[in-house]
Amino acid sequence: MELHQMGVTELAAGLRKKDFSAVELSDALLQRIRKSQDAINAFISVSEELALAQANAADQRRAQGDANPLLGIPLAHKDIFCTRGQRTTCGSKMLADFISPYDATVVQRLQGAGMVSLGKLNMDEFAMGSSNETSFFGPVRNPWDRARVPGGSSGGSAAALAARLLPAATGTDTGGSIRQPAAFCGVTGLKPTYGRVSRYGMIAFASSLDQGGPMARSAADCALLMDAMAGHDALDSTSHPQGAGRFSAALGRNLQGLRIGVPEEFFGDGLDPEVAQAVQDAIQWYASQGAEIRPVRLPNNAHAVSTYYVLAPAEASSNLSRFDGVRYSHRSAVSADLQDLYLQSRYEGFGPEVRRRILIGSYVLSAGYYDAYYRKAQQVRALIREDFRRAFAEVDVIMGPATPSTAFALGAKSADPVAMYLADIYTIAVNLAGIPALSLPCGFSKDGLPIGLQIMGDYFADELILGLGDAYQRDSDWHRRSPSGEGQ
Ligand code: GLN
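Residues numbered from 1 in each chain as written. Predicted model: local features only at pLDDT ≥ 70, side-chain atom pairs only at ≥ 80, totals over all residues. Heavy atoms only, no water.

Describing the site of the ligand
The local shell around the ligand holds 15 residues, among which G175, S177, Y308, R357 and D424 are the closest. Within the backbone of G175, one N or O atom sits 2.6 Å away from an oxygen atom of the ligand. In the environment of the ligand, an oxygen atom lies 2.6 Å from a nitrogen or oxygen atom belonging to the side chain of Y308. Within the complex, the protein chains bury 100% of what would otherwise be the 290 Å² of accessible surface of the ligand. The residue makeup of the shell around the ligand, split by class, is five nonpolar, seven polar and three charged. (Near = heavy atom within 4 Å. Polar contact = N/O pair within 3.5 Å; in protein donor to acceptor, adjacent residues only side chain to side chain. Areas by Shrake-Rupley, 256 points an atom, 1.4 Å probe, with all protein chains shown as cover. Nonpolar A, V, L, I, M, F, W, Y, C, P; charged D, E, K, R; others polar.)

Here it is as structure tokens:
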């Protein structure tokens, strides 16, 4: 098998056996990245020199006996993670020239494990979007069909994986931004339990919902990344003291007696029949292995999108107030006084979707509307959490589609924000509750577009859902397929 077709687990074995070096591996992928950039636009920055230096260091560590499974494995970070001495843009003109003075904890941990960073991946501006079309650096194209979106906001991560430009990437998920692009691009992504992965150095969008996580070809590869990424971080006040885990050791599960809940709310109107069929077939596979399938109800899922679009903009309006053109970020050249400098810098630096969210957020937090919108949304959030609590009293995991459709065409929803927001109808409740969920490939449409199965677990069931994803992937090959022409 060619190097770029291998996942993390296979590459780790090859590096261990000295079939190839980390430098050879990174070099091969950097060449593919260079060739793909015009067609796919998955990267905002490519750091060839740094990557080759890190790869060289990894080869030396190995020569000295270091056997970390991630040693020498290349990845790239979503450009929302701060990387010291490198440009970190968050997909925005606001930070187009920002050089971070420090590394995010996730970046530091993966680097500590010996991973080689190839660059920074394209994304929706400030992670606001479901199609990667809000990026200041231009849209990313879906390698399965370049007229279609890769999903968002971690669209660069998902597209780079699908185009076989790298075996692993980081993403972040505030309302679906790991799972939805994973589904659209035929790759695997985990949104971990809130608090298991540090948010330090991850540019904040909506802090009570944001969670970084791994994206890769398979659940087993995601587990290897989680071994290094997860764990308590004193620099993040919402980081869980027991966040660490041995995710890769929890794979290889027996499915006998596993109780799988299937919510009818995830199979109603608006779900593409081809997606429904592929997801039902995957659930039937679990049944064939001894799992028990039970209906569950998530009645408040109907309110998840509207609740999210009050709470996430409210938090964003506060988080994004730091971008004022004074301390750092884009500064307008045409301002009359200080007030005008703030206004102009923010107007010029933020794109339309970000401005829309700041306006909505400021509105729902304002004195006259706080009770009607923000407080009400917090109450509905509690009900959504309660739905999951009740369901998980009866079942071990919940399965359903990750998205209502396969990847849509570029431009198809960009003029209609609400249609765009509904792309996350099956992913958002998970963030509001703070539970973990995995998205993995479970089939293709007649047009050859990937379909994603979503497996949701209770708090700290990250190991369990990765194990269930891995079990399915040991008996299926959807996750091994790659687009013809490989996006080149
Ligand atoms: N698509 C959702 C939004 O636009 C979720 C984004 C995310 O998870 N970062 O807010």
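And the narrative resumes.
Regarding the side chain of T406
Counting through the fold element by element, T406 comes out in the loop between β9 (397-401) and α13 (417-421). Residue classification places T406 among the buried residues on the basis of a relative accessible area of 11%. Every residue in contact with T406, bar those within four places of it in the chain, is listed here: F184, D272, V275, S445, L449, P450 and I451. (Helix = DSSP H or I, 4+ residues; strand = E, 2+ residues; numbered from the N terminus. Buried < 20%, exposed > 50% of the residue type's maximum accessible area, 1.4 Å probe, protein only. Contact = heavy atoms within 4.5 Å.)

Observations concerning the packing of helix α2 (residues 22-40) against helix α3 (residues 48-63)
Between α2 and α3, the shortest axis-to-axis distance is 8 Å and the interhelical angle comes to 160 degrees. The angle between α2 and α3 places the two elements in the roughly antiparallel class. The two elements α2 and α3 meet at a crossing, and its hand is right-handed. Each of A22, V23, S26, D27, L30 and R34 in α2 lies in contact with α3, whose residues at this interface are E48, A51, L52, A55, N56, A58 and D59. (Axes fitted to C-alpha atoms, helices over the stretch in contact; angles between N-to-C directions. Parallel < 35°, antiparallel > 145°, perpendicular 65-115°, else oblique. Left-handed = near helix turned anticlockwise from the far one by under 90°.)

Some details on a nonpolar patch on the surface
Together, Y363, Y369 and Y373 line one region of the surface with nonpolar side chains, adding up to about 290 Å² of accessible area. Its place among the elements puts Y363 in helix α11 (residues 352-365). Y363 gets classed as partly exposed once you look at its relative accessible area, which sits at 38%. (Patch = residues over 30% accessible without salt bridge, like charges linked within 9 Å, V, L, I, M, F, W, Y side chains within 5 Å. Salt bridge = Lys/Arg side-chain N within 4 Å of Asp/Glu carboxyl O.)

A few points about the pattern of salt bridges
Under the defined criterion, the tally for this structure stands at 23 salt bridges. Salt-bridge contacts for R34 lead to E48; the nearest nitrogen and oxygen are separated by 2.7 Å. Pair noted here: R34 is in helix α2 and E48 is in helix α3, with a separation of 14 residues, a long-range link. The exposure class of E48 is partly exposed, given its relative accessible area of 27%.

Concerning the pairing of strand β2 (residues 74-78)
Look at any regular strand and the pattern is simple: side chains alternate between the two faces of the sheet. Burial analysis of β2 places five of its five residues in the buried class, the great majority of the element. Bridge count between β2 and strand β3 (residues 116-121): four bridges; the pairing is parallel. Residue H77 lies in a different strand from β3, and its bridge partner there is K120. Following the backbone out of β2, through helix α4 (residues 105-112) and into the adjacent parallel β3, one traces a crossover that is right-handed. (Pairing = 2+ DSSP bridges. Right-handed = clockwise from strand over helix to strand, strands pointing away.)

Notes on the state of the cysteines
By the definition in use, this model includes zero disulfides. C442 takes part in no disulfide bond, and the closest cysteine sulfur to it belongs to C185, at a distance of 15 Å. (Disulfide = S-S within 2.5 Å.)

Brief notes about the nonpolar core
Ranked by internal contacts, the top residues of the largest apolar core, which has 153 residues, are F126, Y286, F388, L453 and I455. In contact with F126, other than residues within four places in its own chain, are C90, S92, M94, L95, I203, F205, L320, F323, F350 and V354. (Core = buried A, V, L, I, M, F, W, Y, C linked by side-chain atoms within 4.5 Å.)

Topic: the confidence of the model for the protein
Model confidence for the protein is summarised by a mean pLDDT of 97, while 99% of its residues fall at 70 or above. Within the protein, the element-level pLDDT minimum falls on α13, averaging 93, and the maximum on strand β5 (residues 188-191), averaging 99. (pLDDT = per-residue confidence, 0-100.)

Examining the packing of helix α9 (residues 304-319) against helix α12 (residues 370-392)
Angle between the axes and distance between the axes are the two parameters that describe a pair of packed helices. It is the contact of α9 with α12, at a shortest axis distance of 9 Å, that shows an interaxial angle of 125 degrees. By the criterion of interaxial angle, the relationship of α9 to α12 is oblique. As α9 runs across α12, the sense of the crossing is left-handed. For the pair α9 and α12, the contacting residues are A304, T307, V310, L311, A314 and E315 in the first and Y373, Y374, A377, Q378, V380, R381 and I384 in the second. Looking at side-chain class alone, the contact of α9 with α12 contains nine nonpolar, two polar and two charged residues.

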